[in-house]
Each structure stands twice: as C-alpha cells, then as structure tokens.
Amino acid sequence: MASEDEANAAAAVAEDAEAAEGRNWRRKGKHDKPKPWDEDPNIDRWKIEKFDPTWNEGGMLEVSSFSTLFPQYREKYLQETWPLVKGALKEHGISCELNLVEGSMTVSTTRKTRDPFIIIKAMELIKLLSRSVPVPQAIKILDDEMNCDIIKIGGLVRNKERFVKRRERLLGPNLSTLKAIEILTVCYILVQGNTVAAMGNYRGRGLKQVRRIVEDCIKNVKHPVYHIKELLIKRELAKNPALATENWDRFLPKFKKKNVKQKKPQTKEKKPYTPFPPPQQPSKIDLELENGEYFMSDKKKSAKKWQEKLEKQSGRAEENKRKREAAFVPPKENTAGPSESDKNASDNSEIADIAKSLKKKAKEFRKNEAQESVIAESYLASNDELRQKKKKKSTKSK
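Note that the structure is a prediction, hence the values are computed from the model and not measured. (Residues numbered from 1 in each chain as written. Predicted model: local features only at pLDDT ≥ 70, side-chain atom pairs only at ≥ 80, totals over all residues. Heavy atoms only, no water.)

A. Broad picture of the side chain of arginine 166. By secondary structure assignment, the location of arginine 166 is in helix H5 (residues 160-171). Aspartate 216 provides the closest opposite charge to the buried, salt-bridge-free arginine 166, at an N-O distance of 11 Å. (Helix = DSSP H or I, 4+ residues; strand = E, 2+ residues; numbered from the N terminus. Buried < 20%, exposed > 50% of the residue type's maximum accessible area, 1.4 Å probe, protein only. Lys, Arg positive; Asp, Glu negative; His and termini not counted. Salt bridge = Lys/Arg side-chain N within 4 Å of Asp/Glu carboxyl O.)

Below, the structure written as structure tokens:
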C-alpha cells in the first residue's frame with residue numbers, strides 16, 4: 001500500500017510540474033505581441049517629458065549627496081563663479097558646497113527636491129566643472145535633453161611623448177580638427193589633461209561617435225580626419241530618402257593601415273674588451289708646458305687669447321660677408337647652343353665642304369703644274385735649238 005501511495009504521489013507531482021511548465025510556456029511572450037503604437041510615426045520615443053513636481057509632492061525621504069575633487073588651478077575660477085552654480089542648482093532644490101580647504105565640491109538633496117534624477121545631473125555638473133568646462137556650458141547639463149561623457153585617455157598610451165603627440169593630433173592645427181568634430185557630431189568637446197569632456201545628446205549618436213573618434217585617435221587605430229570624411233559622407237547620404245534603408249558600407253571609404261618603415265636605432269659598435277685602462281689624457285698644465293704658455297706672463301696670455309678671438313671673429317665676418325654677397329651673384333645665362341645631333345650634322349657638312357675645296361685646289365694645282373712643265377720644256381727645247389743654229393752659223397763663217 002505504501003509503495004502504491006508513493007507512486008501516486010510521484011505521478012501527481014509530475015502532472016503538476018507538466019501543468020506548470022505548460023502554463024509558463026503559454027505565458028512566455030505574452031507581452032511581446034505587436035502594439036498599435038509601435039509603428040505610430042507621431043510618437044517620438046526619444047522625447048523625455050519634462051518633470052512635473054506634482055508627480056512627487058512628498059519629496060525625498062533620504063538625503064543623497066555626491067562630492068568630487070578639483071585641481072588647484074581651478075580654485076580661483078570656481079570661487080568667482082560659484083554663485084551662478086548655486087543659483088542654478090537652487091532652482092531644482094539642490095544644495096551645493098565649495099570646500100577650498102579640501103579642494104572639493106559637494107551636492108546634496110534637500111526637502112525641496114522633487115525630481116529624484118536631478119541629483120545625478122548635479123553630480124555630472126560638478127564633474128564637468130572639475131574638468132575645466134566653463135560654468136555657462138556646464139550648467140546646460142541640468143536639462144533633461146543634455147547628456148555628458150567624460151572619456152579617460154591617460155591610461156591608453158604608456159609613452160608620454162606619444163600621448164601628447166596623439167592628443168595634439170585630436171586637436172588639429174588651430175583646433176580645426178576638434179571644431180570639425182564638434183560641428184558634425186553636434187557636441188561640445190573639451191580636451192583637458194588626461195580626459196576629454198563631451199556634452200551632447202544620445203539621440204543623434206553624437207556622444208557615441210565622439211568616444212569612438214577619441215579612442216581610435218589615442219590608440220592610433222584611425223586618424224580623426226578619416227572619421228570626419230566618413231561623417232561628411234553619411235550626412236550627405238542621409239539627405240537622400242532612397243538610401244535611408246540601404247547599407248552605406250559601399251559608399252564609405254576604406255582606409256588600409258600601411259606599415260611605414262621606421263628608422264633603425266643606431267647601435268654603437270662594441271669595442272674589444274681589454275683589461276688595461278685607457279692611457280691617461282694630458283692635463284691642462286701639461287698642454288701649457290708643451291706649448292710654452294706655462295712660463296708666459298698673464299699679459300702675454302691675455303694678449304694671445306685676444307689675438308685668437310680676433311682671428312675667429314675675422315674668419316666669421318668673412319664667411320658672413322661671403323654668404324651675403326652670394327645672394328647678389330647673377331645666375332649663369334643659358335648659352336646652350338644647338339643639340340648634339342645638330343652639331344654633328346653641322347660638323348659633317350663643314351668636313352664635306354673642306355674636302356670639296358681641297359679636291360678642287362688639288363685639281364687646279366695639278367693643271368698649273370702640267371702647264372708649267374710643258375712651257376718649260378718647250379722653252380728649253382727652243383733655246384737649245386737656237387744655240388745649235390748659232391754654232392753652225394759660226395763654224396760656217398770660219
């Protein structure tokens with residue numbers, strides 16, 4: 001009987017468990033059904049309704065307070081502008097205290113506080129003030145639409161020189177890069193020390209974009225200029241309603257990181273080890289003894305030093321004069337003649353002309369020689385004949 005009762009009890013428990021599981025399974029997703037207001041275009045889901053004091057007429061039951069430290073260089077500015085901060089927080093029922101001894105600011109709720117979230121906004125206010133944000137700008141954080149993000153960049157890079165260089169890259173020449181980021185993200189950005197304070201709205205994803213740009217710049221992942229180009233392209237694409245539902249990756253530029261060759265560190269050559277120490281260098285007195293200056297009088301030493309100084313000055317003066325006169329030396333004129341091909345052609349033509357003239361002169365010389373030889377022979381022959389005739393005549397007469 002006992003075994004039957006136990007079996008029945010176990011079966012009843014199993015049925016109850018199955019029924020409970022079935023009920024849970026039926027209840028799961030009960031509230032995930034589409035609602036009629038989900039696709040209503042008139043509803044702005046990002047809109048935050050302004051707090052109405054009638055929602056919390058009883059006030060706060062407990063006192064909440066936050067405090068933060070500020071650097072010493074902010075002490076004078078905070079002391080001068082504290083009445084403005086006090087007046088802005090008083091409108092929301094928050095009390096504030098500036099402790100110059102400890103260097104801290106404290107905000108706390110009072111009996112007049114109605115909005116429970118305003119203490120968080122007051123905490124963000126004193127954080128921004130400690131990070132060198134001006135008071136008129138920092139007070140805007142008390143609005144429900146305004147949010148802030150303090151990005152810590154000090155621990156992202158170990159090398160201090162590299163950190164300073166990348167932080168300057170974020171600012172850009174004459175703060176141009178920072179101003180462009182502010183315009184495109186619709187945020188206020190302040191780079192101060194090891195943090196970047198940003199104020200904006202999460203509705204347009206401005207603060208998310210600022211954090212991504214800052215971290216990528218300090219980690220050396222991507223230059224801020226490339227982020228600015230992407231934001232400009234996205235702004236232009238957003239104006240086209242046809243591309244609103246499409247993927248924009250094909251329009252965005254893709255930047256590949258190039259490995260730039262770095263200069264190899266200069267390593268000194270290790271000299272061979274010798275157990276003997278280097279030879280002792282001669283002292284100043286030894287050098288003076290070698291030169292003979294040790295035995296000279298003070299007047300002669302000063303005169304020699306003065307003479308050496310004058311020689312150096314004269315050498316420098318001549319060198320400077322030469323540099324000044326080099327600016328007035330006229331440049332060499334470009335007297336380049338014809339090209340090499342033209343020169344070769346002209347040379348060949350000149351050689352041909354000379355060859356022709358030489359041939360002509362040789363021909364004329366040969367002609368003249370032939371004529372002279374003919375005339376001479378005839379002349380000689382005629383003279384011989386005349387002499388023979390004369391001799392014959394003379395013999396006959398005898």
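B. Focus on a positive patch on the surface. Together, Lys359, Lys363, Arg366 and Lys367 line one region of the surface with positive charge. Assignment of secondary structure puts lysine 359 in helix H11 (residues 340-397). (Patch = residues over 30% accessible without salt bridge, like charges linked within 9 Å, V, L, I, M, F, W, Y side chains within 5 Å. Areas by Shrake-Rupley, 256 points an atom, 1.4 Å probe, with all protein chains shown as cover. Charge placed at Lys NZ, Arg CZ, Asp CG, Glu CD.)

C. Highlighting helix H7 (residues 206-218). The terminal C-alpha atoms of H7, which comprises 13 residues, lie 19 Å apart, in line with the 18 Å expected from a rise of 1.5 Å per residue. Tucked into the core, H7 has its buried residues touching strand E4 (147-152), H5, helix H6 (176-185), strand E5 (188-192), strand E6 (195-200) and helix H8 (224-238). Phi turns positive, to about 65 degrees, at asparagine 220, one or two residues after H7. (Expected span 1.5 Å × (residues − 1). Contact = heavy atoms within 4.5 Å.)

D. Main features of a nonpolar patch on the surface. Side chains of Ile285, Leu289, Tyr294 and Phe295 sit close together on the surface and give an oily, nonpolar patch of about 450 Å² of accessible area. Take phenylalanine 295: its relative accessible area is 67%, and that puts it in the exposed class.

E. Representation of the sheet that holds E4 within the structure. Pairing in this open sheet of 3 strands is antiparallel, and the strands run E4-E6-E5 from one edge to the other. The sheet is open, and its two borders are formed by E4 and E5, each paired with just one other strand. Pairs of neighbouring strands in the sheet enclose a mean axial angle of 15 degrees, with direction left out of account. Bridge count for E5 against E6 is 5 bridges, and the pairing is antiparallel. Within E6, the position partnered with valine 191 by the bridge is valine 196. In this fold helix H3 (residues 118-130) packs onto E4 and E6, with an angle of close to 45 degrees to the strand it touches most, E4. (Pairing = 2+ DSSP bridges. Axes fitted to C-alpha atoms, helices over the stretch in contact; angles between N-to-C directions.)

F. Fine view of the nonpolar core. With 27 residues, the main nonpolar core has Leu89, Met105, Val107, Leu125, Leu128 and Leu129 as its most contacted residues. Looking at this core, the elements that each hand over two or more residues are helix H2 (75-90), strand E2 (94-99), strand E3 (104-109), H3, helix H4 (135-138) and E6. Sequence-distant contacts of leucine 129, that is, excluding residues within four places in its chain, are made with Arg74, Leu78, Val85, Met105, Val135 and Ala138. Listed in part, the 21 residues of the second largest apolar core include Phe163, Val191, Val196 and Val214. (Core = buried A, V, L, I, M, F, W, Y, C linked by side-chain atoms within 4.5 Å.)

G. A look at the sheet that holds strand E1 (residues 65-69). Within the open sheet, the 3 strands sit side by side as E1-E3-E2. Their pairing is antiparallel. Two strands lie at the open edges of the sheet, namely E1 and E2, each paired on one side alone. The mean inter-strand angle of the sheet, taken between neighbouring strand axes irrespective of direction, is 15 degrees. Relative to E3, E1 runs antiparallel, the two being bridged by 5 bridges. Paired with serine 67 across the strands is threonine 106, a residue of E3. With respect to the sheet, H2 is in contact with E2 and E3, its orientation differing from that of E2 by roughly 165 degrees.

Shape is all these values report; function is a separate question.
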